[in-house]
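# Secondary and tertiary structure notes
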Amino acid sequence: MFETLKTAHKKDPALRGLAGYLNATLYPGVHAIWAHRASHALYSAGVPVLPVAISHIARIFTGIEIHPGAKIGKRFFIDHGIGVVIGETVEIGDDVMLYHGVTLGARGFLHDSKGSKRHPTVEDGVVIGVGAIILGPVRIGRNGRIGAMALVLDDVPPGATIRAPKANVGRK
Amino acid sequence: MFETLKTAHKKDPALRGLAGYLNATLYPGVHAIWAHRASHALYSAGVPVLPVAISHIARIFTGIEIHPGAKIGKRFFIDHGIGVVIGETVEIGDDVMLYHGVTLGARGFLHDSKGSKRHPTVEDGVVIGVGAIILGPVRIGRNGRIGAMALVLDDVPPGATIRAPKANVGRK
Amino acid sequence: MFETLKTAHKKDPALRGLAGYLNATLYPGVHAIWAHRASHALYSAGVPVLPVAISHIARIFTGIEIHPGAKIGKRFFIDHGIGVVIGETVEIGDDVMLYHGVTLGARGFLHDSKGSKRHPTVEDGVVIGVGAIILGPVRIGRNGRIGAMALVLDDVPPGATIRAPKANVGRK
């Protein structure tokens, strides 16, 4: 649990000094990860319903929804976090960081069958920016950088940077 | 009320078997729709303030804001749901499905006058993907498919598919 | 405090007549601004941890996260508000309006150092549409209009209008 606090302190420039560690204990991203460690352990042990209940209670307080089935590595951090949705068959490596509004989701009920691998695999060291949406069983390669508001429906090679189109400036 | 659970079970691949029905009773999308059926009935009966209070309490627990004035058809389902905003003069047909982060909104206070039809009409069978934003009194035709993160400001013909631009891949 | 209610009533077409003022007292955008006035006063007085705690409790109820350090002018209004994130070194002028899902954020931990000005400056009279994301220490000039879902990473001149690309229509 302390590892999550240390990661938050390191990666959020708004956390400074000792008070920064106290502030980090209030962070929704930190709470959501703690709740997921619990719900995932119960889910892996085959406990019914309770894991999903923990996930939804955590969502009420954090704005972050992580399905108990998602597999998440070490030193994971979500900054701000509101609007984040992480699906059932997501696999996340170590040292991954997400900002708020990120979806790691499925293609939707028109494409998917029950029980299949429907969600992204995110390798070690990836950073995913505000509001990025990654859908389907795609693979985001090691140390990839997914820019804010990027829509990703295909594999991303290791080390690649993905950028969403910027908006156009026009006078009225 | 059971119809909403049946729809969730049918459309979410993460819901399987009998436990899936129990899990569905925990779903924010299900709670938000139940709350809206109540707030809309009170609103239609001319009760002041209380309908908006119900809508905002439901929003705290579900992350989904549905104005009590919105008219919504049968077998409506919202998956995940956080960040969904549905405005006062929205009209939704039967068998419509939304994912999280969808806005059915107005053009904004610079364009709209009080009491006018300011929000979209969504016909039967439409599916709207994660984070799509539909603004103004436009019409989304029967069985339309609005892709994730699409920005829609015009009418969409029946059966059409709308796709947002994908992000570009570039090496650093 | 009453000024915030008056601003909401003026700018939201769903608020009409006297009941509209009562409805406005239920608005998450109104609650978030009141909470920020308190947290910012404590933060400016050098109180540790408590300001961030107020900010996160307000976020649970409103879906709006405003860092206590952000400086916000008069007659500020956030409509709906869920998903809004306003960072530590943001500066907002008078008569600014945001819709839900707006981020006034930083470029991320790969770019920023602790304690630097990392977030946008938004001048008087700016309106920012649903889901727009503005990142980095950029300046949005007086009376600028940032359209829904716009991604802004550069300065915007006064009076300019920014529009995100619309989605493409295609038959299946």
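Note that the coordinates shown come from a computational prediction; the quantities given were computed from them, not determined experimentally. (Residues numbered from 1 in each chain as written. Chains lettered and ligands numbered in written order. Predicted model: local features only at pLDDT ≥ 70, side-chain atom pairs only at ≥ 80, totals over all residues. Heavy atoms only, no water.)

Turning our eyes to something else, we now look at the overall build of chain A. For chain A, the count of helices and strands is 4 helices and 15 strands. Whereas a compact globule of 172 residues would reach a radius of gyration of roughly 16 Å, chain A reaches 16 Å, a difference of no more than 12%. Summarising its shape, the C-alpha atoms of chain A cover approximately 50 × 50 × 35 Å along the three principal directions. In chain A, which comprises 172 residues, the proportion classed as buried is 59%. Considering only contacts within chain A whose residues lie at least 6 apart along the sequence, 35% involve residues at least 24 apart. In the form shown here, chain A has an accessible surface area of approximately 6600 Å², with 59% of it arising from carbon and sulfur atoms. (Helix = DSSP H or I, 4+ residues; strand = E, 2+ residues; numbered from the N terminus. Rg over C-alpha atoms; globule rule 2.2 N^0.38 Å. Buried < 20%, exposed > 50% of the residue type's maximum accessible area, 1.4 Å probe, protein only. Contact = heavy atoms within 4.5 Å. Areas by Shrake-Rupley, 256 points an atom, 1.4 Å probe, with all protein chains shown as cover.)

With 38 residues of chain C at the contact, the number on the chain B side is 39 residues. At the boundary of chain C with chain B, total buried surface from both sides reaches about 3100 Å², with 65% on carbon and sulfur atoms. Together, C:Pro13, C:Ile82 and C:Met149 form the three largest contributors to the area buried by chain C at its contact with chain B, with a combined 19%. Taking the shortest distance from any N to any O, the salt bridge between B:Glu88 and C:Arg16 comes out at 2.7 Å. Summed over the shared surface of chain C and chain B, the number is 5 residue pairs in polar contact (both at pLDDT 80 or more). Put simply, the parts of the chain that give the side of chain C that touches chain B at least two residues each are helix H1 (2–11), helix H2 (17–24), helix H4 (50–62) and strand S15 (168–171) of chain C. With 4 residues, the top contributor of residues to the side of chain C that touches chain B is S15(C). Split by residue class, the side of chain C that touches chain B holds 21 nonpolar, 9 polar and 8 charged. (Buried area = accessible area lost by both parts, 1.4 Å probe. Salt bridge = Lys/Arg side-chain N within 4 Å of Asp/Glu carboxyl O. Polar contact = N/O pair within 3.5 Å; in protein donor to acceptor, adjacent residues only side chain to side chain. Nonpolar A, V, L, I, M, F, W, Y, C, P; charged D, E, K, R; others polar.)

Let us now look at the sheet that holds strand S10 (residues 133–135) of chain B. Residues and elements named next belong to chain B. Read across the open sheet, the 5 strands follow the order S1-S4-S7-S10-S13; overall the sheet is parallel. Of all strands in the sheet, those bounded by a partner on one side alone are strand S1 (65–66) and strand S13 (151–152). With 2 bridges joining them, strand S4 (residues 85–86) and strand S7 (residues 103–105) adopt parallel strand pairing. Across the sheet, the residue bridging to Ile86 is Leu104, located in S7. (Pairing = 2+ DSSP bridges.)

On to the confidence of the model for chain A. When pLDDT is averaged across chain A, the result is 92; 98% of the residues are at 70 or more. Among the scores for the predicted complex, ipTM is 0.91 and pTM is 0.94. (pLDDT = per-residue confidence, 0-100.)

In this section: the interface of chain A and chain C. Listed by partner, the interface residues are 38 residues for chain A and 39 residues for chain C. Interface area for chain A against chain C, summed over the two sides, is near 3200 Å², with a carbon-plus-sulfur share of 65%. Looking only at chain A, the three residues that lose the most surface to chain C are A:Pro13, A:Ile82 and A:Met149, adding up to 18% of its buried area. Linking chain A with chain C are 1 salt bridge. At the boundary of chain A with chain C, the tally comes to 5 residue pairs in polar contact (both at pLDDT 80 or more). Contributions of two or more residues to the side of chain A that touches chain C are made by helix H1 (2–11), helix H2 (17–24), helix H4 (50–62) and strand S15 (168–170) of chain A. Here the residues of the side of chain A that touches chain C are counted per class, giving 21 nonpolar, 9 polar and 8 charged.

Right, let's get into the environment of B:His31. Residues and elements named next belong to chain B. Tracing the chain through its elements places His31 in helix H3 (residues 28–44). The exposure class of His31 is partly exposed, given its relative accessible area of 30%. When the C-alpha positions of His31 and Lys6 are compared, they lie 14 Å apart, and in sequence the two are 25 residues distant. Apart from the residues lying within four places of it in its own chain, the contact partners of His31 are Thr25, Leu26 and Thr62.

Residue and element names in this part refer to chain B. In this model H3 runs 24 Å from its N-terminal to its C-terminal C-alpha over 17 residues, within 8% of the 24 Å that 1.5 Å per residue would give. Of all the residues in H3, the buried ones are Pro28, Gly29, Val30, Ala32, Ile33, Ala35, His36 and Ser39. Note on H3: the residue one or two positions beyond its end, Gly46, has a positive phi of about 85 degrees. (Expected span 1.5 Å × (residues − 1).)

Moving on: the relation of the copies chain C and chain B. Its rotation angle being 120 degrees, the transformation that places chain C on chain B also includes 0.0 Å of axial translation and leaves an RMSD of 0.0 Å. When the rotation and shift are considered jointly, the pair of chain copies conforms to a three-fold rotation axis. Within chain C, the C-alpha atom positioned nearest to the axis of rotation is that of C:Gly83, 3.7 Å from it. (Least-squares fit on C-alpha atoms with pLDDT ≥ 70 in both.)

All names here are of chain C. Within the chain, His80 stands out as a residue other than glycine whose phi angle is a positive 65 degrees. Residue placement: His80 occurs in the loop between strand S3 (77–78) and strand S4 (85–86). The phi angle at Asp95 is positive, at roughly 60 degrees, despite the residue not being glycine. Counting through the fold element by element, Asp95 comes out in the loop between strand S5 (91–92) and strand S6 (97–98). On the basis of relative accessible area, Asp95 is assigned to the partly exposed category, the value being 30%.

This part takes up the relation of the copies chain A and chain C. With an axial shift of 0.0 Å and an RMSD of 0.0 Å, the rotation relating chain A to chain C amounts to 120 degrees. Comparing interface residues between copies, only 18% of those in chain A also lie at the interface in chain C; the contact surfaces differ.

Moving on: the pattern of salt bridges. Side chains that differ in charge, positive against negative, can pair when their charged atoms come close. Residues and elements named next belong to chain A. Using the criterion set out here, one finds 21 salt bridges over all chains in the structure. Salt-bridge contacts for Glu91 lead to Lys117; the nearest nitrogen and oxygen are separated by 2.8 Å. Remark: Lys117 occurs in the loop between strand S7 (103–105) and strand S8 (121–122) and Glu91 occurs in strand S5 (residues 91–92); sequence separation between them is 26 residues. With relative accessibility at 32%, the residue Glu91 sits in the partly exposed group. Assessed through its relative accessible area of 35%, Lys117 is described here as partly exposed. Among the ionic contacts, a cluster of salt bridges with common partners joins Glu3, Arg75 and Asp95.

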